[in-house]
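# Structural characterization, general
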Amino acid sequence: MEGLLTKDIKASLENIVTHCFYANRILDRICSILSVKFVMSNTSNIIHHKLAHRYPILADGISDYMDARDCTTIYGETPIGNQDYDNYLECFNKILEINLELEKKVKESIELAQNNSDYTTKVYLEDYLLNIIPITSDILLLVDKAEMYGDNKLSSMKFDHDISDFGIFGE
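In short, a report on the structure. (Residues numbered from 1 in each chain as written. Predicted model: local features only at pLDDT ≥ 70, side-chain atom pairs only at ≥ 80, totals over all residues. Heavy atoms only, no water.)

## Here we look at the packing of helix α1 (residues 7-36) against helix α5 (residues 119-149)
Note the threshold: Note on definitions: angles span 0 to 180 degrees between N-to-C directions of axes, and those axes are lines fitted to C-alpha atoms, for helices only across the stretch in contact. Secondary structure elements follow DSSP: runs of H or I no shorter than four residues count as helices, runs of E no shorter than two count as strands, and numbering proceeds from the N terminus. Every angle not falling under 35 degrees, over 145, or within 65 to 115 is termed oblique; those three ranges are roughly parallel, roughly antiparallel and roughly perpendicular. The sense of a crossing depends on the near helix, which, turned anticlockwise from the far helix by less than a right angle, makes the crossing left-handed and, turned clockwise, makes it right-handed. In this analysis, two residues are considered to be in contact whenever any of their non-hydrogen atoms come within 4.5 Å of each other. Residue type decides the class: Asp, Glu, Lys and Arg count as charged, Ala, Val, Leu, Ile, Met, Phe, Trp, Tyr, Cys and Pro as nonpolar, and the leftover types, Gly among them, as polar.
Viewed as axis vectors pointing N to C, α1 and α5 meet at an angle of 20 degrees, and their least axial separation amounts to 12 Å. Accordingly, the angle class assigned to the pair α1 and α5 is roughly parallel. Note on packing geometry: the crossing formed by α1 with α5 is left-handed. The residues of α5 that touch α1, namely those facing I9, L13, I16 and C20, are T121, L125 and Y128. When grouped by side-chain class, the residues that make up the contact of α1 with α5 number six nonpolar, one polar and no charged.

## A short note on the packing of helix α2 (residues 41-52) against helix α6 (residues 153-162)
For the pair α2 and α6, interaxial distance at closest approach is 7 Å and the crossing angle is 50 degrees. In terms of axis orientation, α2 runs oblique to α6. For the element pair α2 and α6, the recorded crossing hand is left-handed. Within the contact between the two elements, α2 uses S41, N42 and T43 and α6 uses F159, D160 and H161.

## A short note on the pattern of salt bridges
Condition: Here a salt bridge means any side-chain nitrogen of Lys or Arg lying within 4 Å of a carboxyl oxygen belonging to Asp or Glu.
Considering all chains together, one arrives at eight salt bridges under this definition. K10 serves as the salt-bridge partner of E2, at 3.8 Å between the closest nitrogen and oxygen. The salt bridge partner of K94 is E97, with a shortest N-O separation of 3.1 Å. Remark: E97 and K94 occur in helix α4 (residues 88-115); sequence separation between them is three residues, near one turn of the helix. The network of salt bridges with common partners includes E2, K10 and E14.

Structure (structure tokens):
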């Protein structure tokens, strides 16, 4: 036990922190690809500033909670950002996969906290999960719209032109 957190709960929370930084790394790479390879600078800008930058803030929320429970945070490694994607829809599906994995990790931590009678962590994480749900909703909208726009150069240009009208990520 470190501070008020058990070893298992500490590890579970650190897993969320690591995943958030992983998400930031992968989304930064996706934004680079969207901007350069797919010539979608508007889309890249919105995703980079309104979503990719959100993940380290989400990680900070967990590490701040751990600090408040008198527990240090260990930050896991993130992979190199060298992934490539064949089309912009593939990028959005990867973003969705990453965010759904974050939801899963939070739910697993909630269950672990419940099983360990750590109701403070359980309540904190339930509130934390409520902040992730709208992000998932906006990513689902991105995927749905990309599927409707289609996967050719003209449709990706139209998508990029229209993205600021989608009302996603606080736009």
